[in-house]
Amino acid sequence: MSLLNRMNMSQKLTILTVSLLMIAAVPMTMYVKTVIYDLDITKREAAGTGPIIALQKAIQYLQQHRGLSAALLNGNEALTNRISETQRELSKAIDSVDAKLKEANISSKNVSLWSTQKQHILDLQKTVVARQLKAPESTAQHTKIVQDLMLFSEEVLIESDLMLDPVKNTYFLMNATMFNAPRLAENIGQMRANGTALLSAGKIDIEAHTKLAGIFSNVSLFFSDFMRNVERAIQSD
């Protein structure tokens, strides 16, 4: 007579229950781990959104400062008050980035990268106010900082998993809003800064014309990339 036959119904049900629990344990454990992983990603993404939005605001004010600086350094002294106002708004935006990076618990490596760029901004503001730069030099330095800030933004996007969202429509939408749109805005800003400088100077040569044409080409490229990712996001929804 087998051991199983000698057991009463209660014992058999207990063994059956334990067996079923053991069978279910592996997929259940995998499911729980997946849920925890998804929640962790969501938490990091939510935390990373704050610094990115604050950083984009700082970039926008820096772009405005670039255009105004170009005109000021070409002799338009009427813009002195507007420069001061923009610098105040830029300072507020910088403080906001500091606060959001701290709230999001961003890595010390990326905080250090931000600190370096923040100092570059402050130094550039001082040289513009002191009229220690020519307009083309100012525009070039502003543009370099903007480009570095965009690279820094990518690092924050990667750290917070915003750049690599596992959901298709969110991934495409994130690329459109967090990657393509800022670059589109930057090239439009470059056109504005160069155009302002040329208007203040009252002349345009072949080199300046070629440069503007190149920037306009970039605007068209980034606009196409932006719209393509928006369309992909809609189609994937």
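Residues numbered from 1 in each chain as written. Predicted model: local features only at pLDDT ≥ 70, side-chain atom pairs only at ≥ 80, totals over all residues. Heavy atoms only, no water.

1. Here's the deal with the packing of aromatic side chains
In this structure the tally under the stated criterion is one aromatic pair. Seen in terms of ring centroids, Trp-114 and Phe-152 are 6.2 Å apart; in terms of plane orientation they differ by 25°. Their pairing is stacked. Of this pair, Trp-114 sits in helix α4 (residues 108-129) while Phe-152 sits in helix α5 (residues 135-159), and the two are 38 residues apart along the sequence. Each of the two residues, Trp-114 as well as Phe-152, counts as buried. (Phe/Tyr/Trp six-rings, centres within 6.5 Å; stacked < 30°, edge-to-face > 60°. Helix = DSSP H or I, 4+ residues; strand = E, 2+ residues; numbered from the N terminus. Buried < 20%, exposed > 50% of the residue type's maximum accessible area, 1.4 Å probe, protein only.)

2. Quick notes on the nonpolar core
In terms of nonpolar packing, the biggest core is built from 35 residues, with Leu-55, Leu-62, Leu-90, Val-97, Trp-114, Ile-121 and Leu-149 touching the most fellow members. Those elements that place two or more of their residues in this core are α2 (9-73), α3 (80-103), α4, α5 and α6 (168-201). Looking at this core, the element that brings in the most residues is α2, giving eleven residues. For Leu-55, the residues in contact, after removing those within four places along its chain, are Val-97, Trp-114, Leu-149, Phe-152 and Ser-153. (Core = buried A, V, L, I, M, F, W, Y, C linked by side-chain atoms within 4.5 Å. Contact = heavy atoms within 4.5 Å.)

3. Digging into the environment of Gln-125
Following the sequence through the fold, Gln-125 ends up in helix α4. Counting along the chain gives 59 residues from Gln-125 to Arg-66, while the straight-line C-alpha distance between them is 9.7 Å. Those residues in contact with Gln-125 that sit more than four places away from it in its chain are His-65, Gln-87 and Leu-90.

4. Thoughts on the side chain of Arg-183
By secondary structure assignment, the location of Arg-183 is in helix α6. For Arg-183, a relative accessible area of 11% corresponds to the buried category. Ignoring sequence-local partners within four residues, the contact set of Arg-183 consists of Met-150, Glu-154, Met-178 and Phe-222.

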